[in-house]
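A look at the structure
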Amino acid sequence: MVTLAIEQRQMTQSEFIRVVMPFKDKLYRLAKRLLVSSAEAEDATQEILMKLWARKSMMESYKNVEAFAMTMTKNYCLDRLKSKQSGNLKLVHTNYDSGTSLQKQMEAIDSVSWIEKIMLELPEQQKMVLQLRDIEAYEYEEIAEHLEMSPTAVRVALSRARKAVRDKLVQKHNYGIG
Amino acid sequence: MELDNISGLLEKYFEATATAAEERELRDYFSGERVAPQFEIYRPMFKYFSEAKDERSSRKLLLKKHPGYVRWLSVAAAAVVIVMIYLGNSYQENREMEQQKAEYAYQETRKALRLLAQNLDRGADKMAYLNEFEATKEKIYKSN
């Protein structure tokens, strides 16, 4: 009788997918922002959703599954980066090309991929804040919750990140080539 | 007028004090065709942000058979087997030791009983002398 009741409360796989699908790509994009490689970002997303699925019986007690998943993604990726650093491993990414060919350079000069490269150089926290605000358009309070920061710290990091991008753009503009 | 407005919005944007609506206004402005030359420099920034939003995860979500879960399950099963083998072994050893002890006790008891029987036999031999003594005594009584 008891097990039956529990089974009834647990969500089915299709229900779960319906809940997570709206923010799956957001998790992926945040993971990719931090891990750079799209393969690793896919792995991270899969891992996070799997963990969430394993805890599906508790999902109703989370008032905001999306926020919870975002925080999980942040922690997972930062852990990955930390273990890579301590293991003295280099970031392996196949999709980021330093663009040595003239063609690539020409593209980079007047295209937006330049911004992506600028963002690579930002500290993790600024990357995440910029990602969540300017790309995902979350509210400050939501970002604070997702990243476990105070709203003030979010604004400070965001302002720094935006200004860093602007400064690089101005530099590039003044020198012609970045 | 509009330029002043955009300039003000940009300032708020970089100080991270712009509201969501104000930022939307900026994005709309930069996605349009009529961007003033002095703001042209910011265009790639807003363009990149809107393009980055379109990136999608291409891998299909797999929920069945959690590899980590299965891995841990097999580790747990292996641990259980090892513990059981260990317990079984020590049980077997215990039994063997007990059997040896019992055997030893049995042998010791037998030895003790044999010793007792031997002594009893010896006592019985001595009884034969006593019988002889009795018979002689009877003879003496009768002759008297």
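Some details on the overall build of chain A
Looking only at helices and strands, chain A features nine helices and zero strands. When its helices and strands are written in sequence order, chain A yields α-α-α-α-α-α-α-α-α. For chain A, the proportion of its 178 residues judged to be buried stands at 29%.

Some words on the overall build of chain B
Helix and strand counts for chain B come out as four helices and zero strands. Listing every helix and strand of chain B by position from the N terminus yields α-α-α-α. Taken over 144 residues, chain B has a buried fraction of 10%.

Description of the packing of helix α7 (residues 124–135) of chain A against helix α9 (residues 151–175) of chain A
Residue and element names in this part refer to chain A. For the pair α7 and α9, interaxial distance at closest approach is 8 Å and the crossing angle is 90 degrees. Comparing the axis directions of α7 and α9 gives the class roughly perpendicular. On α9, the residues touching Gln125, Gln126, Val129, Leu130 and Arg133 of α7 are Val154, Ala157, Leu158, Arg160, Ala161, Arg162 and Ala164. When its residues are assigned to classes, the contact of α7 with α9 shows seven nonpolar, two polar and three charged.

What about the interface of chain A and chain B?
Contacts between the two partners involve 31 residues from chain A and, on the opposite side, 23 residues from chain B. Elements with a minimum of two residues in the side of chain A that touches chain B: α2 (13–35), α3 (38–54), α6 (113–120), α7 and α9 of chain A. With ten residues, the single largest contributor to the side of chain A that touches chain B is α9 of chain A. In terms of residue class, the side of chain A that touches chain B is made up of 15 nonpolar, five polar and eleven charged.

Some thoughts on the nonpolar core
Residue and element names in this part refer to chain A. Counting residues in each nonpolar core, the largest one holds 48 residues, and the members touching the most others are Ala31 and Val129. No other element matches the seven residues that α2 contributes to this core. If near-sequence neighbours (up to four positions away) are discounted, valine 129 is found in contact with Ile143, Val154, Ala157, Leu158 and Ala161.

Overview of unusual backbone geometry
For valine 36 of chain A, which is not glycine, the phi torsion reads 70 degrees and is therefore positive. With respect to the secondary-structure elements, valine 36 of chain A resides in the loop between α2 and α3. Residues other than glycine seldom take positive phi values, yet alanine 16 of chain B does so here, at roughly 60 degrees. Tracing the backbone through its elements, the reader meets alanine 16 of chain B in the loop between α1 (2–14) and α2 (20–31). C-beta crowding within 10 Å serves as the criterion here: with 20 such atoms nearby, alanine 16 of chain B is assigned to the buried category.

Concerning α3 of chain A
Look at α3 of chain A: 24 Å from first C-alpha to last across 17 residues, which is about the 24 Å you get at 1.5 Å a residue. Taken residue by residue, α3 of chain A has Glu40, Ala41, Ala44, Thr45, Gln46, Ile48, Leu49, Leu52 and Trp53 of chain A as its buried positions.

Digging into α7 of chain A
For the α-helix, the turn length of 3.6 residues means that residues three or four positions removed from each other point alike. Residue and element names in this part refer to chain A. Here α7 spans 16 Å end to end across twelve residues, near enough to the 16 Å set by a 1.5 Å rise per residue. For α7, a buried count of nine out of twelve residues is recorded, marking the element as mostly surrounded by other parts of the structure. Following α7 by one or two positions, alanine 137 has its phi on the positive side, about 55 degrees.

A closer look at the packing of α7 of chain A against helix α8 (residues 140–147) of chain A
Residue and element names in this part refer to chain A. Interhelical geometry of α7 versus α8 gives an angle of 140 degrees and a closest axis separation of 10 Å. Here α7 lies oblique to α8, going by the angle between them. Here the hand of the crossing between α7 and α8 comes out right-handed. The residues of α8 that touch α7, namely those facing Met128, Val129, Leu132 and Arg133, are Ile143, His146 and Leu147. For the contact of α7 with α8, the residue count by class is five nonpolar, one polar and one charged.

Notes on the confidence of the model for chain A
Residues and elements named next belong to chain A. Confidence in the prediction of chain A, expressed as mean pLDDT, is 84, and 78% of residues score 70 or more. Across chain A, α7 holds the top mean pLDDT of 97, while helix α1 (residues 2–9) sits lowest at 50. For the stretch residues 1–7, pLDDT sits under 50, and the model shows zero contacts to residues farther than four places along the chain or on other chains.

Notes on the environment of alanine 161 of chain A
Mapped onto the secondary structure, alanine 161 of chain A falls in helix α9. If we ignore the near neighbours within four places in the chain, the residues touching alanine 161 of chain A are Leu122, Gln126, Val129 and Leu130 of chain A.

Quick notes on the rules
- Residues numbered from 1 in each chain as written.
- Chains lettered and ligands numbered in written order.
- Predicted model: local features only at pLDDT ≥ 70, side-chain atom pairs only at ≥ 80, totals over all residues.
- Helix = DSSP H or I, 4+ residues; strand = E, 2+ residues; numbered from the N terminus.
- Buried ≥ 20, exposed ≤ 12 C-beta atoms within 10 Å, placed from the backbone.
- Axes fitted to C-alpha atoms, helices over the stretch in contact; angles between N-to-C directions.
- Parallel < 35°, antiparallel > 145°, perpendicular 65-115°, else oblique.
- Contact = placed C-beta atoms within 7 Å.
- Nonpolar A, V, L, I, M, F, W, Y, C, P; charged D, E, K, R; others polar.
- Core = buried A, V, L, I, M, F, W, Y, C linked by C-beta atoms within 7 Å.
- Expected span 1.5 Å × (residues − 1).
- Left-handed = near helix turned anticlockwise from the far one by under 90°.
- pLDDT = per-residue confidence, 0-100.

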